[in-house]
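The chain contents come next:
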Amino acid sequence: MSAQEAKNKKSFINPRRSSLIAAIFLMATSAIGPGFITQTATFTATMGAAFAFGILASIVIDYFVQQNIWRVVTLTRMCAAELANTALPGSGYLLAVLVIFGGLVFNIGNIAGAGLGLNALLGLDPKWGGLLSALLAIYIFSSRRAGVAIDRMMIVLGLIMIGLTLYVAIVSQPPLGEALRQSVLPDEINFATITTIVGGTVGGYISYAGAHRLLDKGAVGPDHIHEVSSAATKGILVVGVMRYILFLAIFGVVASGASIDLSAHNANPASQAFQYAAGEFGLRIFGFILWAAAITSVIGAAYTSVSFMTVFRPTLTERQRSIATVVFIAVSLVIYLLMGTAPAALLVFAGGFNGLVLPVGMSLFLYVGWRRADLMPGYHYPRWLLWSGLVICLLTWYMGAMSVSAIFNFLKVV
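You'll find the chain entered in an unreviewed UniProt entry as Divalent metal cation transporter, with Tenebrionicola larvae given as the organism. Looking at the chain in UniProt, the text filed under Subcellular location (unreviewed entry) is "Membrane".

Given below as structure tokens:
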């Protein structure tokens with residue numbers, strides 16, 4: 001191989017590797033948003049060690065959902081809604097409406113989370129914190145180098161979040177043996193909490209965030225399937241590690257006998273846990289973690305939700321998509337500023353709602369895997385992945401049916 005050929009190969013591989021890493025962290029930081037952090041704190045405070053089972057269940061469900069969705073999207077070279085329409089005419093419009101609405105609900109919660117984060121970090125009023133964070137996200141998307149900025153921001157903030165949460169988990173000294181035992185043998189199983197935590201980590205738009213990023217970057221077709229599958233697995237591992245670390249950090253506080261107040265309108269259960277574990281410094285750490293999780297999730301939710309709008313207007317240019325993303329964030333901000341719902345309650349409900357959306361998209365993608373091999377020429381879809389995906393899909397339908405009223409109760413709607 002000549003020096004020039006080696007240079008060309010390296011220049012091709014590096015952007016591709018960068019695309020995969022960016023997709024991993026876009027999915028991971030979307031999954032580890034303020035909703036997940038608040039949900040984990042709320043459910044750990046009410047269920048204790050038994051919630052470890054919900055964490056493990058969410059990771060297992062995550063794996064099969066992401067493996068199937070990332071695989072099908074990149075093999076067919078179509079965004080999720082377009083693919084659904086091709087496989088089952090009209091279904092793509094339904095999926096797009098559900099994902100966009102779920103993304104809007106989640107983004108309102110993300111902005112609320114950003115406000116709570118800056119409140120813990122700097123003492124700002126949550127409404128002002130949400131406003132400033134949303135304006136920052138809009139600025140990032142208005143930048144000419146938005147794509148590069150998003151990729152780098154996701155990676156850097158994702159690593160910082162993991163490092164800081166690990167520090168608090170060590171300080172809180174959780175009972176590891178009890179947490180591990182109840183991961184597989186829980187004293188209590190609550191379908192509403194599992195559906196909510198699954199929805200907060202892989203439901204709605206989150207399922208498609210990394211896959212659509214790979215599609216935009218051109219990592220598609222059978223030639224890339226090994227890398228896509230590996231990236232999905234690594235993303236799930238990153239999310240899984242972060243979930244357990246966060247759970248252990250809060251469980252250590254709960255197990256010590258500390259009381260976490262969930263009743264106040266502006267209650268911030270996770271910030272209370274971090275403050276108990278590491279004092280004022282812990283509160284500031286939490287503020288940064290929640291803000292970082294929120295700002296990356298605002299970007300992830302807006303980016304992915306807008307990618308579904310192309311099914312209604314396929315000629316949408318890159319600039320028009322950026323404008324639509326800015327408008328999406330602005331609308332989320334206005335609704336947040338006008339709403340009277342407590343931020344923590346909104347974040348928990350957002351996860352539950354997206355958990356109800358998850359089985360709809362999963363069903364469509366499994367149909368493509370089983371019945372539309374013509375859309376994935378040159379690739380034999382692994383049957384073990386389809387069968388396991390089918391079991392998970394049926395489980396999410398069952399959990400959703402069992403927990404729908406409890407999920408709306410989180411918002412005090414019914």
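Once the structure has been displayed, the description carries forward.
### Observations regarding the overall build of the chain
What the chain contains, in helices and strands, is 15 helices and zero strands. Expressed as a percentage of the 414 residues in the chain, the buried residues total 60%. Contacts in the chain between residues at least 24 apart in sequence constitute 85% of all its contacts with a sequence separation of at least 6. For the chain, the exposed surface amounts to about 16,100 Å²; the carbon and sulfur share of it is 66%.

### Considering a nonpolar patch on the surface
On the surface, Tyr93, Val97 and Phe312 cluster together into a nonpolar patch covering about 300 Å² of accessible area. With respect to the element layout, Val97 can be found in helix 5 (residues 91-122).

### Looking at helix 13 (residues 318-338)
The end-to-end C-alpha distance of helix 13 is 31 Å, a good match for the 30 Å that 21 residues give at a rise of 1.5 Å each. Considered for burial, the residues of helix 13 that qualify are Arg321, Ala324, Thr325, Val326, Phe328, Ile329, Ser332, Leu333 and Tyr336. The secondary structure elements touched by the buried residues of helix 13 are helix 5, helix 6 (126-142), helix 10 (206-217) and helix 12 (269-307).

### Here we look at helix 3 (residues 51-76)
With 26 residues, helix 3 ought to run about 38 Å at 1.5 Å a step, and its terminal C-alpha atoms sit 37 Å apart, in line with that. The element helix 3 is extensively covered by neighbouring structure, given that 22 of its 26 residues are classed as buried. Arg77 sits one or two residues past helix 3 and shows a positive phi near 60°.

### Describing the pattern of salt bridges
Pairs can form between side chains of opposite charge once their charged atoms are near each other. Following the criterion strictly, the structure yields five salt bridges and no others. In this structure, the salt-bridge partner of Asp187 is Arg181, at a minimum N-O distance of 3.6 Å. We classify Arg181 as partly exposed; its relative accessible area is 35%. Taken together, the shared-partner salt bridges in this structure form one network comprising Glu178, Arg181 and Asp187.

### Observations concerning the environment of Val168
Of note, Val168 is situated in helix 7 (residues 146-172). A sequence separation of 105 residues divides Val168 from Ala273, and the C-alpha atoms of the two residues are 9.5 Å apart. Those residues in contact with Val168, other than ones at most four positions away along the chain, are Ala249, Phe274, Ala277 and Ile285.

Rules used in this analysis
- Residues numbered from 1 in each chain as written.
- Predicted model: local features only at pLDDT ≥ 70, side-chain atom pairs only at ≥ 80, totals over all residues.
- Heavy atoms only, no water.
- UniProt positions renumbered as here; feature names shortened; annotations may be inferred.
- Helix = DSSP H or I, 4+ residues; strand = E, 2+ residues; numbered from the N terminus.
- Buried < 20%, exposed > 50% of the residue type's maximum accessible area, 1.4 Å probe, protein only.
- Contact = heavy atoms within 4.5 Å.
- Areas by Shrake-Rupley, 256 points an atom, 1.4 Å probe, with all protein chains shown as cover.
- Patch = residues over 30% accessible without salt bridge, like charges linked within 9 Å, V, L, I, M, F, W, Y side chains within 5 Å.
- Salt bridge = Lys/Arg side-chain N within 4 Å of Asp/Glu carboxyl O.
- Expected span 1.5 Å × (residues − 1).

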